[in-house]
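Residue-level structural notes
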Amino acid sequence: MSSDSTGHLFTPGKARPVAKVLVATTAMLAFISFWRAAAIVLNDLASSAYYAGGEAEQFIGKTAPWFILGIMLFSYAVRAIYVESSSMFVRGGVYRVVKEALGGTLAKFSVSALMFDYVLTGPISGVSAGQYLAGVLNELFDYAHIPIHLHVNGAAAAVAIIITLYFWWENIKGVPESSGKALRIMQLTTVMVVVLISWCFYTLYARGGWHLPPAPLPQNMKLDKGSLGWLDRYQWAHMITIIAIFVGLGHSVLAMSGEESLAQVYREIESPKLRNLKKAGLVIFIYSLVFTSLVSFFAVMIIPDDVRGRFTENLIGGLSMHLVGSFSVRLAFHVFVVVVGTLILAGAVNTAIVGSNGVLNRVSEDGVLTDWFRHPHARFGTTHRIINLVVAFQIITILASRGDVTFLGNLYAFGVIWSFAMKGIAVLVLRYTHPQDREYRVPLNPVIFGREIPLGLGLITLILLAIAVVNLFTKPDATMAGITFTVILFTVFDISEHRMLKRQAGAAHVELDQFNLAKEAELTPTSVGVAPGNILVPVSTYYALYHLEAALRRAKDQDIVVLHMRVLRRAASGEYDLDPDQLFSTIEQLLFTKVLSIAEKEGKPVRLAVAAANDLWEGILRTAMNLQSSTIVVGSSSKMSVTEQAREIGLAWERVPEPRPRVTLEIFTPSGQEQIFYLGPHAPRLTPTEIDQLHKMWLDLSEKLPGEEVHHHDIVHFALTEVQRELAEGETGSVLERLREHLHSIQGRRQNPPPEPRNLPEKKDR
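Residues numbered from 1 in each chain as written. Predicted model: local features only at pLDDT ≥ 70, side-chain atom pairs only at ≥ 80, totals over all residues. Heavy atoms only, no water.

**Describing unusual backbone geometry**
Glycine aside, residues mostly have negative phi, and peptide bonds are mostly found in the trans state. The condition that has to hold: Labels follow the DSSP assignment, with helices taken as runs of H or I lasting at least four residues and strands as runs of E lasting at least two, numbered in each case from the N terminus. Throughout this description, buried means an accessible area under 20% of the type-specific maximum (1.4 Å probe, protein chains only), exposed means over 50%, and partly exposed covers the range between.
At the junction of Ser-271 and Pro-272, the peptide bond is cis and its omega measures out at -5 degrees in the coordinates. Among the structural elements, Pro-272 can be located in the loop between α11 (259-265) and α12 (273-302). The phi dihedral of Leu-444 falls on the positive side, at around 70 degrees, and the residue is not glycine. Residue classification places Leu-444 among the exposed residues on the basis of a relative accessible area of 54%. Positive phi, normally seen in glycine, also occurs at Gln-628, with a value near 60 degrees. With respect to the helices and strands, Gln-628 occurs in the loop between α24 (616-627) and β10 (631-635). With a relative accessible area of 45%, Gln-628 lands in the partly exposed category.

What follows is the structure, encoded as structure tokens:
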């Protein structure tokens with residue numbers, strides 16, 4: 001006889017305990033609340049309040065606030081497109097949705113344009129933050145008569161690099177870590193916003209001036225070569241109102257940047273995913289509408305025309321210095337505004353890294369980039385190589401810009417609007433090719449002659465496409481730089497994809513997530529990272545995971561462990577440990593990839609484990625015992641009935657050495673029906689008829705035994721003792737005959753008539 005690592009004895013011929021176990025880890029299953037998801041997106045959207053209105057006014061004049069307001073209202077409609085595409089749970093945001101609808105070529109073009117946006121978002125936000133910080137420090141040095149003057153652009157570039165490196169490390173640690181920082185930044189920003197808006201209203205009241213900006217009409221707009229670009233040579237571009245409106249919207253679209261990040265963080269939002277996505281979208285809309293649009297209006301209404309141009313890239317800083325109140329108080333608030341601005345713009349750097357990481361992950365998953373890019377970090381499980389690559393691009397861009405925000409700002413909107421337009425077209429196409437695969441639809445869908453017409457979605461897409469086309473001709477620098485970057489990145493993607501296809505020798509690409517493998521001597525709550533009372537869900541094939549979906553939907557606060565049991569032949573269960581590649585092959589990788597997809601769709605975290613045993617159910621029950629699981633959830637067998645399956649599991653339970661685990665066994669069928677059994681000694685579940693019968697018996701016997709204290713459990717105990725005595729006295733045949741007659745008499749009241757022998761699982765009706 002010999003023993004395993006736990007001290008349990010086993011003998012040859014009996015099932016050997018687990019020989020080796022692995023715990024597969026990934027950082028993609030640490031879900032965040034809708035508040036954190038909103039904070040990540042708002043760090044980009046809200047940061048544009050510092051410069052979007054000023055940048056727009058440079059091109060179209062004092063009517064800019066009306067166009068900023070229009071863009072912020074329109075952003076809610078655009079957000080509805082992202083909610084609809086996310087409700088289909090197409091992993092990949094713009095890239096995958098466009099590919100599903102329009103094919104791989106346009107998908108690579110779309111994601112290339114989007115990456116142009118992300119690569120610029122981080123540098124422009126970081127450099128802006130650095131300029132605000134350097135500017136206010138110079139003001140304070142002058143105010144305190146300190147002979148120090150910072151070189152604004154140089155200091156801005158240095159600050160931007162420091163901010164980028166800081167959020168590089170936060171993202172290496174994972175989205176939950178970086179989202180926590182984003183949430184704290186937005187909490188501080190909210191304090192500033194409330195004070196600023198209240199003070200602005202008071203300033204307008206005190207000065208008695210409520211002069212709104214001029215109406216957004218062509219005669220009030222600044223339509224010159226700067227705003228019209230290549231269209232300036234055509235007289236009709238100066239006269240047609242609709243063209244002027246789209247020109248104004250095109251120069252204001254910066255205020256809407258950051259929406260694609262919502263699709264990227266959707267994968268991280270906790271359950272219920274769609275409901276939380278809608279909540280996050282509503283929070284983002286209200287916050288950005290109030291903040292960005294009001295700042296633009298207040299800037300025109302409060303800051304004098306002759307000095308407002310000095311605050312193009314920092315409207316809030318200009319507002320703080322032109323409010324009513326003493327100079328020292330206004331200067332203190334100005335410092336606070338700049339500090340908050342530095343933080344929120346720094347948060348936009350984080351958003352750019354999060355979004356870029358998500359986009360390139362999806363591209364890599366689809367076989368365009370090699371799996372090397374998605375290699376998980378040894379400690380945190382994040383795709384550190386993609387994050388490193390993105391951050392390297394951003395730092396190079398910062399150095400190339402030399403801290404000049406205007407240089408970056410002129411290029412920024414190209415990727416924003418084209419990614420929106422491609423997303424809208426793709427979702428519109430998917431309405432017809434996949435009409436049923438969504439939980440949410442963009443509103444306005446009239447049914448004409450029995451056919452649903454996506455009117456709302458079509459109008460939004462048409463407006464996005466019109467703005468994108470107008471921007472091509474009104475922003476020459478952005479068009480040339482954006483097309484150049486997009487073509488280069490598209491070429492890189494295309495060459496990489498062709499190499500991947502050659503490497504696969506024409507075989508179909510299979511999406512596989514990457515996993516870290518932690519070797520463990522045995523599975524315990526500590527090694528897996530779960531609390532006692534967890535739910536154990538054994539899985540074997542990726543096409544039959546309906547029981548996992550059911551477990552995820554019903555689980556509340558319990559941890560879920562997904563276990564794949566590798567069954568070994570007797571000859572393979574010797575004294576030698578198994579190598580990781582013997583336990584975790586492509587089969588397990590594909591299986592756990594499907595598991596992750598389901599878990600992400602439900603918004604519930606899971607722990608992944610692989611174990612080996614030479615008996616399937618004994619291995620599963622031993623794992624449940626080691627993990628201190630309260631419930632085992634399995635799918636029904638295709639080879640036997642549910643009751644027979646439970647009986648087989650019960651026999652395996654009998655073979656497990658003491659102390660045997662007492663767990664609940666839940667068996668789900670593909671149709672969603674569930675039957676519950678109990679493994680081990682447990683209190684039986686009495687039906688109402690049996691309870692009534694016991695109560696009547698108690699009343700009758702209590703009356704016939706005056707002076708005796710009789711309880712219900714005394715009667716049950718007495719009946720069990722009598723049956724046991726009859727069996728001991730050799731009356732087994734008589735007892736079995738009476739039991740058989742009883743079972744036949746109640747057979748019609750049972751859903752599952754087969755009897756359950758002693759110590760086998762007892763069914764609980766539901």
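Now that the structure has been shown, we can carry on.
**A word on the environment of Ala-237**
Mapping Ala-237 onto the fold places it in helix α9 (residues 236-239). With 10 residues separating them along the chain, Ala-237 and Val-247 place their C-alpha atoms 9.4 Å apart.

**Side note on helix α16 (residues 384-401)**
Rule in force here: Here the expected length of a helix is defined as 1.5 Å per residue gap, with one fewer gap than residues. It is the directions from the helix axis to the C-beta atoms whose arc is reported.
When the terminal C-alpha atoms of α16 are compared, their 26 Å separation across 18 residues agrees well with the 26 Å that a helix rising 1.5 Å per residue should span. Regarding α16, the residues found buried are His-384, Ile-386, Ile-387, Val-390, Val-391, Gln-394, Ile-395, Thr-397, Ile-398 and Ser-401. All buried residues of α16 project into a common sector of 165 degrees when viewed along the axis, lining one side. Projecting away from the buried face of α16 at angles above 90 degrees are the exposed residues Ile-396, Leu-399 and Ala-400.

**Some thoughts on the pairing of β10**
On a regular strand, one side chain projects to one face of the sheet and the next to the other, so that they alternate. Test applied: Strands were regarded as paired on the criterion that DSSP finds at least two bridges between them. With strands facing away from the observer, any crossover in which the path from the first strand over the helix to the second runs clockwise is taken as right-handed.
The element β10 is largely enclosed, with a buried count of 5 among its 5 residues. Every second residue of β10 is oriented toward a common face, with Thr-631, Val-633 and Gly-635 on one face and Ile-632 and Val-634 on the other, all of them buried. Here β10 runs beside strand β11 (residues 663-668); their pairing, made up of 5 bridges, is parallel. Considered in β11, the bridge of Ile-632 is made with Leu-665. Taken together, β10, helix α25 (residues 642-655) and β11 constitute a β-α-β crossover, and its handedness is right-handed.

**So, the nonpolar core**
The cut-off we apply is this: Buried Ala, Val, Leu, Ile, Met, Phe, Trp, Tyr and Cys residues form a nonpolar core when they are joined through side-chain atoms within 4.5 Å. Here, two residues are considered to be in contact whenever any of their heavy atoms come within 4.5 Å of each other.
Core analysis: the biggest nonpolar cluster contains 133 residues, and Tyr-50, Met-192, Leu-196, Phe-291 and Leu-464 have the highest contact counts within it. When near neighbours in sequence (up to four residues on either side) are disregarded, Leu-464 contacts Phe-74, Val-78, Ile-81, Met-256, Ile-417, Phe-420 and Ala-421. Judged by nonpolar contacts, the second largest core, of 29 residues, contains Val-530, Ile-620, Ile-649 and Val-656.

**Quick word on the side chain of Asn-138**
By the secondary structure assignment, Asn-138 is in helix α5 (residues 104-143). If we skip the residues at most four places from it in the chain, Asn-138 touches Ile-148, His-149, Leu-150 and Val-152.

**With respect to a nonpolar patch on the surface**
Quick note on the threshold: A patch consists of residues whose relative accessible area exceeds 30% and which take part in no salt bridge; residues with like charges are grouped when within 9 Å of each other, and nonpolar side chains (Val, Leu, Ile, Met, Phe, Trp, Tyr) when within 5 Å. Note on areas: Shrake-Rupley, 1.4 Å probe, and residue coverage restricted to the protein chains presented here. Salt-bridge detection follows one rule: a side-chain nitrogen of Lys or Arg within 4 Å of a carboxyl oxygen of Asp or Glu.
Among the surface-exposed residues, Trp-230, Leu-465, Val-469, Phe-473 and Met-480 lie close enough to one another that they form a single nonpolar patch of about 420 Å² accessible area. Broken down by element, the residue count for the nonpolar patch peaks at 3 residues, all from helix α18 (residues 455-474). With respect to the helices and strands, Val-469 occurs in helix α18. On the basis of relative accessibility, which here comes to 35%, the residue Val-469 falls in the partly exposed class.

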